[in-house]
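A closer look at the structure
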Amino acid sequence: MTDSHDPGHHEPTLNLYFTVFVALSIFTAMSFLVFELVADKLTAMLIILGVAVAKATLVVMYFMHAKYDWGRIYFLIIPVVILAIMMMVVLMPDTVVAWHNVE
Amino acid sequence: MAHAVADEPKAHMGLPLPNGKLAMWLFLVTEIMFFTGLIGTYVLLRNGQPNPRTEPWPTPHDVHLIEGVGAFNTFVLICSSLTVVLAHLALGKGNVKRATVYITITLALGCVFLVVKAFEYKSKIEHQILPGRVFEKLDGPTGASYIRHVDGQLRHIVEHPTEAVGAPAAAVEAWKGFLKTVDAEQAAARKKKDELDKRLEKKDITPSAAVEQKKAIDANLNTELKKQGQELVEKHKELAPVAASWELLQRLPDLSPRQVNLAIAGSQYVERKPALKVPGQTGEVKGLLEHYPTLHLSYAIPFGNMWASCYFAMTGFHALHVFGGLVIFVIVLLMALRGRFGVRHEPMLEYTGLYWHFVDIVWIFLFPLLYLV
């Protein structure tokens, strides 16, 4: 069986939920501050999108219990994450990469 | 009967995962692909513009999007994600009452999100930032229809000051009086010009002298009206945007579409959208909307229609998902009201929570993509 989680940590606690909530709030404030304060657009974009990925990971892992169910749902999550990233990537080349070189 | 225990999580052959949870996760991964399609299309359209230097993608400010409002809504959804896990935790410990309270809070937070969204949509509708309603270019026939459109908007402001700027009754009375004076003065000026024409026919006056005198009549009229307008605005400060709109309306026939756009949006805006530049224009021009941001006046937004299509498609589908979650919470609360909600519903609440967190995650990505990046 792939189920490898530690039974002692099966139930997330109130404290953990609040910690995640505080982290999410800080991350939200952070992306807003980066938008206001960081002048370089590319740097700001990378930080802001990185923060969004971190927030989503926190929600999936703790609020959606993926950390505890990982051994039983990874086969659903991993393929779809790969497909989603691939879909974004394959949409880009024509207009985004090639268009600017035409003219 | 088996019905009461059907919701209980049971291990099955293969993976020790309850059917409900497996089904919810399967549903969510299809949803991930659905939103990936929408977000991917947005990224594609946004980055695939042909002239990013002269016609850059609209900034949030260009399309009346307020970043703080988006951040607030993000926080609201994060709070609701917390309350939904707390509800699940409470129900797991057998505290049905506390779980019900947390679900009620979640429902309220979801409603707050939708109300904020509704206000945002209202502002888009008022400013006509809708697919197919945005003027993107100002050359050719589009320019002519842009001027007609602005003409209508200016007339509306001038004729309905209360609706447009919330002017009080006394100010509206004074404004109407001013418009009557304008009519009278204009009629008088026309009469003087007609007399000049008659004298010209009788060869009482040389054509060049007639032209000179007509110019003088117009100049007099303009100075007089301007003076009266200024006096009026000094007395009723709330009429300033109306008077400024009226002034632009008077100048409208002499302006090109790009000049009208400049007068409304200002030179700082045009500087950022070089495709809209007025040939020969130098120096700073303060736009009508920079002085009075609440006026409903259209200005050209390159790629504004595409922006609006992406915005409404993504936030619309997201809002629909929020609404779907709220329906489930209402059902749970109705069950609780009738005393039919109990510890046995813990798995069902967990699956609802999974869905709700997913909706939160979608917003976690939509917020930076639409408001910040």
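So, here's what we can say about the structure. On a predicted model such as this, the values are computed, not experimentally measured, just so you know.

Topic: the overall build of chain A
Check the secondary structure of chain A and you find 4 helices and 0 strands. Each helix (α) and strand (β) of chain A, taken in turn from the N terminus, gives the series α-α-α-α. Within chain A, buried positions represent 32% of all 103 residues. Across chain A, the fraction of contacts at a sequence separation of at least 24, relative to all contacts at a separation of at least 6, is 62%. For chain A, the accessible area works out to roughly 6,200 Å², and carbon and sulfur atoms hold 74% of it.

Describing the nonpolar core
Met 64 of chain A together with Trp 175, Ile 264 and Trp 307 of chain B are the most contacted members of the largest nonpolar core, which has 131 residues in total. Beyond its immediate stretch of four places on either side in the chain, Trp 175 of chain B contacts Val 158, Pro 161, Leu 232, Leu 239, Val 242, Ala 243 and Trp 246 of chain B.

Here we look at helix α9 (residues 240-251) of chain B
Residues and elements named next belong to chain B. Taking 1.5 Å per residue, 12 residues should reach 16 Å; α9 reaches 17 Å between its end C-alpha atoms and fits that length. When you tally the buried positions in α9, you get 9 out of 12 residues, the bulk of the element. Summarising the contacts, the buried residues of α9 are in contact with α5 (141-159), α6 (161-165), α7 (169-201), α8 (207-235), α10 (257-265) and α12 (288-291).

Here's the deal with the interface of chain B and chain A
Listed as interface residues are 51 residues of chain B and, on the opposing side, 47 residues of chain A. Carbon and sulfur atoms supply 83% of the area buried between chain B and chain A, which totals about 4,200 Å² over both sides. The partner of Asp 69 of chain A in a salt bridge is Lys 21 of chain B, with the nearest N and O atoms 2.5 Å apart. Counting every contact that joins chain B to chain A gives 4 residue pairs in polar contact (both at pLDDT 80 or more). If you list the elements that add at least two residues to the side of chain B that touches chain A, you get α2 (19-47), α3 (67-92) and α14 (346-372) of chain B. It is α2 of chain B that provides the largest number of residues to the side of chain B that touches chain A, a total of 16 residues.

Considering α8 of chain B
All names here are of chain B. With 29 residues, α8 extends 42 Å between its outermost C-alpha atoms, agreeing within 8% with the 42 Å of an ideal straight helix rising 1.5 Å per residue. Taken together, the buried positions of α8 are occupied by Ala 210, Ile 217, Leu 221, Leu 225, Gln 228, Gly 229, Leu 232 and Val 233. Check the buried side of α8 and you find it contacts α7 and α9.

Quick word on unusual backbone geometry
Excluding glycine, residues mostly have negative phi values, and the peptide bonds linking residues are mostly trans. Residue and element names in this part refer to chain B. For Lys 203, which is not glycine, the phi torsion reads 60° and is therefore positive. With phi around 65°, Phe 303 is a residue other than glycine that occupies positive phi space. Its relative accessible area of 13% is what places Phe 303 among the buried residues.

Examining the pattern of salt bridges
Scanning the model with the defined rule gives 13 salt bridges over all chains in all. One connected set of salt bridges, linked through shared partners, spans Asp 69 and Arg 72 of chain A together with Lys 21 and Glu 350 of chain B.

Quick look at the packing of α3 of chain B against α14 of chain B
All names here are of chain B. In contact at an axis separation of 9 Å, α3 and α14 are set at 165° when each is read in the N-to-C sense. It follows that α3 is roughly antiparallel to α14 by the angle criterion. Between α3 and α14 the crossing geometry is left-handed. In the contact of α3 with α14, the residues fall into 14 nonpolar, 9 polar and 4 charged.

What counts, and at which threshold
- Residues numbered from 1 in each chain as written.
- Chains lettered and ligands numbered in written order.
- Predicted model: local features only at pLDDT ≥ 70, side-chain atom pairs only at ≥ 80, totals over all residues.
- Heavy atoms only, no water.
- Helix = DSSP H or I, 4+ residues; strand = E, 2+ residues; numbered from the N terminus.
- Buried < 20%, exposed > 50% of the residue type's maximum accessible area, 1.4 Å probe, protein only.
- Contact = heavy atoms within 4.5 Å.
- Areas by Shrake-Rupley, 256 points an atom, 1.4 Å probe, with all protein chains shown as cover.
- Core = buried A, V, L, I, M, F, W, Y, C linked by side-chain atoms within 4.5 Å.
- Expected span 1.5 Å × (residues − 1).
- Buried area = accessible area lost by both parts, 1.4 Å probe.
- Salt bridge = Lys/Arg side-chain N within 4 Å of Asp/Glu carboxyl O.
- Polar contact = N/O pair within 3.5 Å; in protein donor to acceptor, adjacent residues only side chain to side chain.
- Axes fitted to C-alpha atoms, helices over the stretch in contact; angles between N-to-C directions.
- Parallel < 35°, antiparallel > 145°, perpendicular 65-115°, else oblique.
- Left-handed = near helix turned anticlockwise from the far one by under 90°.
- Nonpolar A, V, L, I, M, F, W, Y, C, P; charged D, E, K, R; others polar.

Everything listed here is a matter of coordinates, which is why it stays silent on function.
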